[in-house]
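Residue strings, one per chain:
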Amino acid sequence: MSFWFWHGLKNGIRTTQYPVMPDLTVGVTPGRPVKTLFANSQEAERASGICPTGAIVSHGNESAVLLGNCVHCQRCRTSLPQAMDWREDYEWTIGGSDQKEFEALPGAYVRSTHIMVVDAGDCGACLREVKQLNNPFYNMHRLGLFLTATPRAADVLLVVGPVSENMRGPLLKTYEAMPTPKKVIAVGACAISGGVFGHTFMSAGGVGSVLPVDLKVPGDPPPPLAILHGLLVATGRKSPSREESVATVGASA
Amino acid sequence: MVLFFILALLGLVLCKLLGGHSSARALAILSSACSLLMMLSGGAILVGGHAVEIPLWNIAGMGALGLRLDMLSAIFLFTAGLVYLPVSLFAGNLARRRLYGDYPIRNYGMLHFALMISVVVLISADGALTFLIAWECMSILCYLLVNYEQSHRSDTRAAYILLAMGEAGFLAVVVAFLILGRGAADWSFAGLAAAAAQLSNKSAWAVFLLGFFGFGVKAGLVPVNFWLPRSYTAAPPIFVPVLAGVTLNLGFYGILRLNVQLAPPHDPAMGMLALVVGSVSALVGILYATTDNDMKTMLAHSSIENAGIIVTGIGAAMVFSASRDLVPAAIALVAALYHMVNHSVYKTLLFQGTGEIEATTGTREMDRLGGLVRVLPVVSVIFLVGCLSIAAVPPFNGFVSEWLTLQSLLRSAVLASPGVRILFALCGAALALTAALAVTCFVKVYAMSFLGIRRGNWHGHARERAHPPRAAMGYLAVACLLLGVLPTYVVPVLNRAVQPLTGASAAEALVPPFFTATAENRQLPPAFLEDFHNLGAQSGRSWIPGRGLVLLVRGSEQNPVVFAASPAYSLVALVIFLVVAWVVVSRATRKRTLARKELWAGGIPKLLPEMSYTATGFSNPVRVVFQAIFRPNIVEDTRETVAVHFRTAIHRRREETHLVDRLLFHPVGDAINWTARFLAGMHHGRLNAYVAYSVGFLLVLLLLFRLS
Amino acid sequence: MSISAPVVSAAERVDERKLVEGIQERFGPGVSISRGEGGISISIALHEAGLLPELSKCLFWEMGCSWGGFVAEEHESHWRLSYVFLASRLGWIEVLLHVPSGAHRIPSISSGVHAADWHEREVEDLFGLSFEGHPRLGDFILHDQVWPEGVAPHRKPHRKTMDVQQTHLRHRPNPDWRPLLVVQDPGAFAMPVGPVYEGGIGESLHFLLETVGEDVVRAIPRLFYNFRAVEKIAEGRSVPEGLLLAERFAATSAFAHSMGFASAIERLRNVEVPERAKRLRVVLAELERLRHHTATITDICGSTALAVAASQASIVEEELLRASCAFSGHRYLFGLNKVGGLSRDFGAMALGRLQRSVNEAAERLHVLEDRLYFTSSFLDRLEDAGVVIPEKARDLNLLGPVGRASGQGHDLRQECAYNEYETYEFEVPRESEGDGYARLRVLFQEAYQSARMITQAIDRLEAGPVLVPEDRGSSGVGMGWVEAPNGAALHWVRLDNSGRIERYHAMTPSFNNWLGFHVAVEEFAFQDFPIILATFGLSATECDR
């Protein structure tokens, strides 16, 4: 059985340099649409119309993107005569809410953060991306981030999914069972704004309707680096995104 | 002593005459007084060191009947009194709460006092005749008391088995005495002791076996103890502590009297047999205790386990004394007697707790209990003390006696024969396993009954809040603590009883005097004493009473080797640690606020009782590991609906036959049945056949006469 | 290493004439057989409901069909109930029953066809229909513990958007609720697992493991914590919106499900997808299957705590995700399918890079597989753990890799080929032991076959369009089927006159296989539960929709 040890060593180090250096490998992020200047206002209107969740807002011939609603359907990239501009970055985390600024976790938790992950009706992609954080490429343990199975030992609650009605009770219980200080991170478009499911009798339309959310990581699904960025923001080692086009709105269509 | 008899007889009469409530109170008061007297007299004899004699009347042709309380009797008397006191208080408490049930208390009181009298007479008997008469009385009274609530058929069956086994044991004992006394002048114990010296080897073995197994019935040894679990379960809750704390000890008394004092073993093989029987009893007892879910039955099996430990000690003592190693023999006997006293105390406590639980909730099944700590707060604390004691956790008394027993087994190093040493080692290993299983068992008992969430449908608030039996149980808990923390005072007292039995004193080995008197000590060299003083053996001299340090010494005079345990020091250390920990924690968390939230159970709306661990589940690993011993038949019956893949109910029933039943009694019973059937085959009613039998028999007789 | 084990399933070709004649002979005047529409080959319309159980039983057991799904539709005056069976290499057979609106009791078929058990329970919970003779109805999607009785959310009058005034919809915990326990033993208890899974990261599912201490006697699953009523949301939406919903309810099989939905609409509208699009669809579907199986292998290694193997497998998974992203613009292949083809084309360089990545991944998997089969402590946990015997697998109609490990040879790519799968060379691995080790072997083999097919499809690519223009106007019924990574998935769509979705029903493989899971987990120790869960590789969210 000792061959596992050599086998592992043979494969070398794969871990990304992020957060010390940005990771530019192809395929780490699907990218996102950004504010685009169209040829005329009809093109801009068409761009707004093609977005199924209302993430593109047009004024004149300029289209801005509300990233919290974007579900990465890529229609604005593939199905428009003039495609939206696309940027391949991943630091998308939005902090705070209308009422207050975001405050990171205090000092003792910075290098040792325990995260509780709750699947509240998720499609599976966001959960899978969170799981990738444990693989040798991202290796969140080196940054002091750990997963815990019980909320009693958790500092950060990471919620994926639009909060299906059957999970509302368990999610609330999980939040109640966590001791302070605690932060809630909503990961994915579904968790921020309901995604493609929206606000129905079985879906709460985002974690914000159920719990107070401290951080939002947009994307559908956000790539692991974006989630990592979100966790680093939670511990104060990175600051949240300040871009204008990265503002969120409440419920979708 | 005479005062005792007067009070007891008075009590008997009063109970019968008065009715109901006042009868119960009279029972309580007078019985308490009697038991106090028992304790006092026992204690006086032990401390004073003189035996007391009370000659009674003479019976023509059989000899004198008399009572004589020597040291050994005094210990048993004291222990009996120790047990009877809380029993009486408990009885009074139950009376006050009107919890006697449907049966008239006056008969019970009568029998209670009669039993007390017969026990005292038995313990103080001076001759075989008194002894046997008292034994028979005690046996029958036990049966009557166990059978007290005779409406349940299983109870009467259990009592019947008790009676049958008791009588069988009694017969064995009578035969043993007869063999012993064949060449004796009279039937007094002194005469019998003299006669014992002239026994042939075969007779000595016969006396030993008959006496050991005969008394073993009452003492609860495998394989003659199958009446014990049944009787304990059947007996009423007031009486069970007496069964466990008094009559069980009488078995040991018999063994000690007959097999150790009157007919001391000359052959180490006798002692080894006792050793093996004891260890096996202990192991079997605790295995069945761990997997049982009825509290009373579980405690009965645990009594078997403790009886096994005691008999192991006695067996070791017999081996040592047969090999002329008298000091280790004394140590082993001290250990056995100490364990007997401890067992009486904590078993009574546990049985009373069980009675209290049954009175409050109406059930004894641990699968149906849970969460009792909220309903019975005082009882739960005291019960915890009892559980810790029986699990041999310091600073309580179980620890000291088990430690001493195991240590005395380790002293087998002085024996010559390697085979015997191996046997000792194996028995020691068995006892160690027993101790571990005992911890499991009592963790299960306490956790499943008192902690956790309530699993059954009982409501018992009203009945508990009124007067829990604090005095009775509290007194026992305090006794547990004292016996555990002050062994240096107890051991010399026990030593006095042991000295006449073995001819050597264990006190020097167990409680060397250099802790009490620093100046002189003949056994140990001054350099050694110096080392010990540097270790701090003298610390706390002024304010820790006794500085209970119990140790065994071995080795030569130049370098003695010491095994030591100090319950008093450990209690002090424990208290200091707890206080320090409390102080540190309260300082460190001064600024924190405590938020009480709901139980976390994975997010389900509510944790239901069906979802919490049951006692069966807790002890299942033991059941699985020792499956070869248990050999259960699991009957699974599933009722299916239309669809094969969907079952609506799975009924599982576990049926087990006890190991001893399976190996011993069922084959014997089957053999008897087979023989009977065979013989029955001869009786088919045909006249011709009977005539033929007669003719045939006549022919055989004639032939025999012809040939001889 | 795939063994051609004796198959206890219905993978042999079913003769159409024999089938039709057999049915007509037995059921005579009670049925009328005709050609089906929208992908259904044969439609058997029942005139009396009483024949339903016997006919289903006959089809499943005697005629050798396998179970597809159950579609219930509410029309104005009647209910249209369609029970779908698959006759291997022949096509889909539908048993059609119309029941007037007032009648609410329909005979249950689950006593004969056990695989239909959960389908009927779902319809009962969501539509309020009651099935006579079903052993256990209720407490399925709408948990009895928190939902009141009588809420049938998929019925037409029920609105899908939340109305705050309608407080009777709000669930409340019911304090008197008790789980319906099966084991009657004084010492038995039901250990709750979940819904917030205690194993770290996991999907929300709840199990009550009934036990008497060491091993699990009975496992009661309570799923549907991820139920988002996708089918109800889809009603009234346009086809592109429906496509988006079909893609997103189970994102680890996103491409497969969106392809199923798209093919349903294509069949409805009689649209012929161009050749290049078909071949690219094969490439993408197999890429997804490869990645999905690698993810399952990672989970299996992780569940047995063989950390190095789990890391190695997750390296392969991440490489495949990055390759997918470089190729298609999204790690999980979102947004590629459209009705009539694909939304974008791919250049030769991109295809070449993809080919290389796939070959590398297959290489790595080979090495990993060899190493794993030498690790006896790992194999010990998998062998004889969670056994599903072939008879049970046939009985419950288990699909996908789970079914194939228990001797079932169902694979829609062979039995009911689409996208010209019949022209590709590939094997469908089969084992018969049905334990965790067999499932692992099947997963590895299927991954290699997927890599093989990607190579074949890329080699055959010719220039051409990838999309045909849509015809928006038609209405009707269409059924699409696809062999998703977890097994056979069916998508059934009905469009109304304005081209909007009137009814959408997805019959997913996880929904089918969860029924078999709790059969597998019984009589095993607690410690094996997470491992058996990982070897099944099921997706709760795909089941819950």
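Not measured: the values here are computed from a predicted model.

### What about the overall build of chain B?
What chain B contains, in helices and strands, is 27 helices and six strands. Within chain B, the proportion of its 708 residues that are buried is 48%. The long-range share in chain B, meaning contacts at least 24 apart out of those at least 6 apart in sequence, stands at 77%.

### Here's the deal with the overall build of chain C
Within chain C one finds 17 helices and 16 strands. Here the C-alpha radius of gyration of chain C, 23 Å, is about what a compact globule of 545 residues would show, namely 24 Å. Every one of the 545 residues in chain C was classed for burial, and the buried ones make up 60%. Contacts in chain C between residues at least 24 apart in sequence constitute 71% of all its contacts with a sequence separation of at least 6.

### Some points on the interface of chain A and chain B
Contacts between the two partners involve nine residues from chain A and, on the opposite side, five residues from chain B. Of the residues in the side of chain A that touches chain B, the class split is three nonpolar, three polar and three charged.

### Observations concerning the environment of B:Ser619
All names here are of chain B. With respect to the helices and strands, the residue Ser-619 is situated in helix 24 (residues 615-625). Residues Ser-619 and Thr-440, spaced 179 residues apart in sequence, show a C-alpha to C-alpha distance of 8.1 Å. Not counting the four nearest positions on each side in its chain, Ser-619 is found in contact with Thr-290, Thr-291 and Lys-444.

### Structural notes on the domain arrangement of chain C
Residues and elements named next belong to chain C. We note that the domain assignment places domain 1 (16-132) and domain 2 (230-544) within chain C. The centre of domain 1, based on its C-alpha atoms, is set 27 Å off from the matching centre of domain 2. Taken residue by residue, the interface counts 20 residues in domain 1 and 22 residues in domain 2. For the side of domain 1 that touches domain 2, the secondary-structure elements that each account for two or more residues are strand 3 (66-74), strand 4 (78-87), strand 5 (91-100) and helix 3 (117-127). For the side of domain 1 that touches domain 2, the leading source of residues is strand 3, giving six residues. Residues that form the side of domain 1 that touches domain 2 fall into these classes: eight nonpolar, eight polar and four charged.

### So, helix 20 (residues 487-502) of chain B
Residue and element names in this part refer to chain B. The end-to-end C-alpha distance of helix 20, which contains 16 residues, comes to 21 Å, matching closely the 22 Å that a straight helix rising 1.5 Å per residue would cover. The largest bend along helix 20 measures about 35 degrees and falls at Arg-496, with the proline Pro-500 one to four residues further on. Counting buried residues along helix 20, 12 of its 16 residues qualify, which places the element largely inside the surrounding structure. Residues of helix 20 that are buried: Pro-487, Thr-488, Val-490, Val-491, Val-493, Leu-494, Asn-495, Arg-496, Ala-497, Val-498, Leu-501 and Thr-502. Immediately beyond the C-terminal end of helix 20, within one or two residues, lies Gly-503, with a positive phi of roughly 80 degrees.

### Quick look at the interface of chain A and chain C
Listed by partner, the interface residues are 55 residues for chain A and 57 residues for chain C. When the residues that make up the side of chain A that touches chain C are grouped by side-chain class, the tally is 27 nonpolar, 20 polar and eight charged.

### Focus on the pairing of strand 3 of chain C
Residues and elements named next belong to chain C. Where burial is concerned, most of strand 3 is hidden: seven out of the nine residues are buried. Two strands pair when backbone bridges link them, and strand 3 and strand 4 are joined in this way by eight bridges, in the antiparallel orientation. Bridge pairing in strand 4 links Glu-74 to Trp-79.

### A word on the environment of B:Ala322
All names here are of chain B. The residue Ala-322 is located in helix 12 (residues 295-322) in this model. Sequence separation between Ala-322 and Asn-342 is 20 residues; the distance between their C-alpha atoms is 27 Å. The residues contacting Ala-322, other than those within four sequence positions of it, are Pro-265, His-266, Asp-267, Pro-268 and Gly-271.

### A short note on the packing of helix 5 (residues 239-248) of chain C against helix 6 (residues 254-269) of chain C
Angle between the axes and distance between the axes are the two parameters that describe a pair of packed helices. Residue and element names in this part refer to chain C. Two elements in contact, helix 5 and helix 6, have axes whose closest approach is 7 Å; the angle formed by their N-to-C orientations is 150 degrees. Between helix 5 and helix 6 lies a crossing of right-handed hand. Counting all contacts with helix 5, which are made through Val-239, Gly-242, Leu-243, Ala-246, Glu-247 and Arg-248, the residues of helix 6 involved are Ala-254, His-257, Ser-258, Phe-261, Ala-262 and Ile-265. Considered class by class, the residues forming the contact of helix 5 with helix 6 number seven nonpolar, three polar and two charged.

### Comments concerning the sheet that holds strand 1 (residues 31-35) of chain C
Residue and element names in this part refer to chain C. Read across the sheet, five strands follow the order 1-2-5-4-3 without closing on themselves; strand pairing throughout is mixed. The open sheet has two edge strands, strand 1 and strand 3, and neither has a second partner. Taken pair by pair, the neighbouring strands of this sheet meet at an average axis angle of 20 degrees, ignoring direction. Relative to strand 5, strand 2 (residues 40-46) runs parallel, the two being bridged by six bridges. When the bridges of strand 5 are listed, Ala-45 appears paired with Leu-96. In the packing of helix 2 (residues 52-62) onto the sheet, the strands contacted are strand 2, strand 3, strand 4 and strand 5, and the crossing angle to strand 5 comes to about 175 degrees.

### Some details on the sheet that holds strand 15 (residues 487-495) of chain C
All names here are of chain C. Overall, antiparallel pairing links the three strands, which are arranged 14-15-16 in an open sheet. Edge strands, defined here as strands with exactly one partner in the open sheet, are strand 14 (476-484) and strand 16 (501-507). On average, each strand axis in the sheet is inclined to that of its neighbour by 15 degrees, with strand direction left out of account. Judged from the nine bridges that link them, strand 14 and strand 15 form a sheet pairing that is antiparallel. Its bridge partner being in strand 15, Val-482 is matched across the sheet by Ala-489. Strands in contact with helix 15 (residues 509-520) are strand 14, strand 15 and strand 16; relative to strand 15, the strand with the most contacts, it is inclined by about 130 degrees.

### Section: the pairing of strand 10 (residues 206-211) of chain C
Residues and elements named next belong to chain C. Within strand 10, six of the six residues are buried, which leaves the element mostly enclosed by the surrounding structure. Burial along strand 10 is two-sided: His-206, Leu-208 and Glu-210 and Phe-207, Leu-209 and Thr-211, pointing in opposite directions, are all buried. Bridging between strand 9 (residues 189-193) and strand 10 involves five bridges; their strand directions are antiparallel. Paired with Pro-192 across the bridge in strand 10 is Leu-208. Of the pairings in the sheet, the one linking strand 10 to strand 11 (residues 216-222) comprises six bridges and is antiparallel in character. Paired with Phe-207 across the bridge in strand 11 is Pro-221.

### Some thoughts on the environment of B:Val277
Residues and elements named next belong to chain B. Residue position: Val-277 is located in helix 11 (residues 268-290). In sequence terms Val-277 and Gly-398 are 121 residues apart; their C-alpha atoms lie 21 Å from each other. With near-sequence residues (within four places) excluded, Val-277 lies in contact with Leu-221, Val-222 and Val-311.

### Details of the confidence of the model for chain C
Residue and element names in this part refer to chain C. With 92% of its residues at a pLDDT of at least 70, chain C reaches an overall mean of 83. Confidence drops under pLDDT 50 across residues 1-11; counting only partners more than four residues distant or on other chains, this segment forms 33 contacts. For this predicted complex, the interface confidence comes out at an ipTM of 0.91, alongside a pTM of 0.83.

### So, the packing of helix 13 (residues 326-361) of chain B against helix 19 (residues 470-485) of chain B
All names here are of chain B. The geometry of helix 13 relative to helix 19 is characterised by a closest axis approach of 9 Å and an angle of 150 degrees between their N-to-C directions. On the basis of the axis angle, helix 13 is roughly antiparallel to helix 19. Where helix 13 crosses over helix 19, the two elements pack in a sense that is left-handed. On helix 19, the residues that touch Val-341, Asn-342, Val-345, Tyr-346, Thr-348, Leu-349, Gln-352 and Gly-353 of helix 13 are Ala-472, Met-473, Leu-476, Ala-477, Ala-479, Cys-480 and Leu-483. For the contact of helix 13 with helix 19, the residue count by class is 11 nonpolar, four polar and no charged.

### Quick notes on helix 24 of chain B
One full turn of an α-helix is made of 3.6 residues, so residues set three or four places apart face in the same direction. Along helix 24 of chain B, the residues that are buried comprise B:Ala615, B:Thr616, B:Gly617, B:Phe618, B:Ser619 and B:Arg623. For helix 24 of chain B, the secondary structure elements touched by its buried residues are helix 11, helix 17 (418-450) and helix 25 (627-630) of chain B together with strand 9 and strand 10 of chain C.

### Thoughts on unusual backbone geometry
Excluding glycine, a negative phi dihedral is what most residues carry, and trans is how most peptide bonds are arranged. Cis rather than trans, the peptide bond between A:Tyr18 and A:Pro19 has omega equal to 10 degrees. Following the sequence through the fold, A:Pro19 ends up in the loop between helix 1 (3-10) and strand 1 (32-33). Going from B:Val222 to B:Pro223, the amide bond is cis rather than trans, its omega being 5 degrees. One can find B:Pro223 in the loop between helix 8 (201-219) and helix 9 (227-234). Positive phi, normally seen in glycine, also occurs at C:Asn397, with a value near 55 degrees. With respect to the helices and strands, the residue C:Asn397 is situated in the loop between helix 11 (390-396) and helix 12 (400-405). For C:Asn397, a count of 28 C-beta atoms within 10 Å corresponds to the buried category. Positive phi values are uncommon outside glycine, yet C:Asn419 reaches one of about 50 degrees. Here C:Asn419 shows up in the loop between helix 13 (412-415) and helix 14 (436-460).

Cut-offs applied
- Residues numbered from 1 in each chain as written.
- Chains lettered and ligands numbered in written order.
- Predicted model: local features only at pLDDT ≥ 70, side-chain atom pairs only at ≥ 80, totals over all residues.
- Helix = DSSP H or I, 4+ residues; strand = E, 2+ residues; numbered from the N terminus.
- Buried ≥ 20, exposed ≤ 12 C-beta atoms within 10 Å, placed from the backbone.
- Contact = placed C-beta atoms within 7 Å.
- Rg over C-alpha atoms; globule rule 2.2 N^0.38 Å.
- Nonpolar A, V, L, I, M, F, W, Y, C, P; charged D, E, K, R; others polar.
- Domains from an automatic or database assignment.
- Expected span 1.5 Å × (residues − 1).
- Bend = angle between axes of the 7 residues up to and from the residue.
- Pairing = 2+ DSSP bridges.
- Axes fitted to C-alpha atoms, helices over the stretch in contact; angles between N-to-C directions.
- Left-handed = near helix turned anticlockwise from the far one by under 90°.
- pLDDT = per-residue confidence, 0-100.
- Parallel < 35°, antiparallel > 145°, perpendicular 65-115°, else oblique.

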